[in-house]
Amino acid sequence: MEEQKDKIRCPWCLGFPQYIEYHDKEWGVPVYDDKTHFEFLVLESAQAGLSWATILKKREGYRKAFADFDYQIVAEFPDSYVEELLQDTSIIRNKLKIKAAINNAQRFMEIQKEFGSFSEYIWSYVGGKPIQNQLISMKDAPATSTESDRLAKDLKKRGFKFLGSTTIYAHMQATGLVNDHLVDCFRYKEVLELNESKEN
């Protein structure tokens, strides 16, 4: 970590080491794996009304409680397990959010049946390739976009819960459907190059 102190980063990640590592290694990297998409959907729907830092600190707790984000298992969670989860301090103990994750796992698999994969479905909203924004400062970062509005609307129609346009835009940022690293952040260019190499 020492050699990375002099690097310019998006200022939102500078709170604690785990946050910096998440920014440096994961945030903005294109995700095509359904399990990872499901993981972020669970974490982001849990975030509603809270900070991402709070959720990140509980990520391991979620991993254990939610069967390593295996949506097939989560979809079958019985009510008795929901009651157990409400006593689990390693996650956000909100019954509506827990039940939403179970519901969303079921809806997630319906999308897989229809489109072949959730990844195929979600990437179709950006034409199959990442949107490259050029943000100069944090105040330029949008909370939603036309794409996230459309996607959230469709997900709602399909029965997903706790996934409005702001949450979905955060999902798009996290899973690389959009590159929202600030242009002077060292990761902006790395993610851009990563995207270009995929196109070639």
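This report concerns the structure included in the present document. (Residues numbered from 1 in each chain as written. Predicted model: local features only at pLDDT ≥ 70, side-chain atom pairs only at ≥ 80, totals over all residues. Heavy atoms only, no water.)

### Brief notes about the side chain of S165
The following threshold applies: Working definition: helices are DSSP H or I runs of at least four residues, strands are E runs of at least two. Numbering for both runs from the N terminus. In the analysis that follows, any N or O atom pair within 3.5 Å is treated as a polar contact, provided that within protein one partner can donate a hydrogen and the other can accept it, and provided that, for residues neighboring in sequence, both atoms belong to side chains. Any two residues whose heavy atoms approach within 4.5 Å are treated as being in contact.
By the secondary structure assignment, S165 is in helix α10 (residues 165-174). At a separation of 2.5 Å, a polar atom in the side chain of S165 contacts the side chain of D149. Sequence-distant contacts of S165, that is, excluding residues within four places in its chain, are made with A143, T144, S145, S148, D149 and A152.

### With respect to the environment of R93
Note the threshold: Using a 1.4 Å probe on the protein chains alone, a residue whose accessible area is under 20% of its type maximum counts as buried, one over 50% counts as exposed, and one in between counts as partly exposed.
Within the element layout of this structure, R93 appears in the loop between α6 (79-85) and α7 (95-115). For R93, a relative accessible area of 47% puts it in the partly exposed group. Once the C-alpha coordinates of R93 and S124 are considered, the two residues, 31 residues apart in sequence, prove to be 34 Å apart. Setting aside residues no more than four positions away along its own chain, R93 makes contact with L85, L86, Q87 and D88.

### Some remarks on the pattern of salt bridges
Counted only if it meets this: Salt bridge criterion: a side-chain nitrogen from Lys or Arg within 4 Å of a carboxyl oxygen from Asp or Glu.
Using the criterion set out here, one finds 16 salt bridges in the structure. Linking E21 and K25 is a salt bridge whose minimum nitrogen-to-oxygen distance equals 3.2 Å. Highlighted residues: E21 and K25, both in helix α1 (residues 17-25), separated by 4 residues, approximately one helical turn. Among the ionic pairs, E110 bridges to R107, the shortest N-O distance being 2.9 Å. Here the residue E110 and the residue R107 both occupy positions in helix α7, the gap between them amounting to 3 residues, near one helical turn. The network of salt bridges with shared partners includes E26, K35, E39, R59, E60, R63 and D68.

### What to know about the packing of helix α2 (residues 34-47) against α10
Basically, it comes down to this: Structural elements are reduced to axes, namely lines fitted to C-alpha atoms, with helices fitted over the stretch in contact, and the angle between N-to-C directions of any two is expressed from 0 to 180 degrees. These descriptions rest on fixed angle ranges, namely under 35 degrees for roughly parallel, over 145 for roughly antiparallel, 65 to 115 for roughly perpendicular, and the rest for oblique. Should the near helix be turned counterclockwise from the far one by less than a right angle, the crossing is left-handed, whereas a clockwise turn marks it as right-handed.
Between α2 and α10, the least distance of the axes is 10 Å, while the angle of their chain directions is 140 degrees. Here α10 runs oblique to α2, going by the angle between their axes. α2 and α10 meet at a crossing whose hand is right-handed. Between α2 and α10, the contacting residues are H37, F40, L41, E44 and S45 on the first element and T167, I168, A170, H171 and A174 on the second.

### Description of α7
The condition is simple: An expected span of 1.5 Å times one less than the residue number is assigned to each helix.
Given a rise of 1.5 Å per residue, 21 residues ought to cover 30 Å, and the 30 Å separating the end C-alpha atoms of α7 matches this to within 8%. Where α7 is concerned, the buried positions are K97, I98, A100, A101, I102, N103, N104, A105, R107, F108, I111 and Q112. As for α7, its buried residues are in contact with α2, α5 (71-74), α6, α8 (118-123) and α9 (146-157). Of the residues that open α7, the one with a side-chain oxygen 2.9 Å from the backbone nitrogen of L96 is N94. G116 lies just past α7 and shows a positive phi near 95 degrees.

### What about the packing of aromatic side chains?
Filter applied, for reference: Any two of the Phe, Tyr and Trp rings considered here, Trp counted by its six-membered ring, make a pair once their centres fall within 6.5 Å; the pair's planes then place it as stacked at under 30 degrees, edge-to-face at over 60, or tilted in between. Here, a charge over a ring is recorded when the distance from Lys NZ or Arg CZ to the ring centre is within 6 Å and its angle to the ring normal is within 35 degrees.
In the structure shown here, the tally under the stated rule is 17 aromatic pairs. For the pair Y32 and W123, a centre-to-centre distance of 4.8 Å together with 20 degrees between the ring planes defines the contact as stacked. Taken together, the residues span a long stretch of sequence, with Y32 in the loop between α1 and α2 and W123 in helix α8 at a distance of 91 residues. According to the relative accessible area criterion, W123 is buried, its value standing at 4%. Centroid distance Y71 to F108: 4.8 Å. Interplanar angle 45 degrees. Geometry classified as tilted. Pair noted here: Y71 is in helix α5 and F108 is in helix α7, with a separation of 37 residues, a long-range link. Accessibility expressed as a relative area gives 0% for F108, which makes it buried. Aromatic ring contacts, followed pair by pair, group F38, Y71, F108, F115, F118, Y121 and Y125 into a single cluster. Positioned over the ring face of F186 is K7, at 4.6 Å from the centre of the ring. Lying across the ring of F16, K57 places its NZ or CZ 4.6 Å from the centre.

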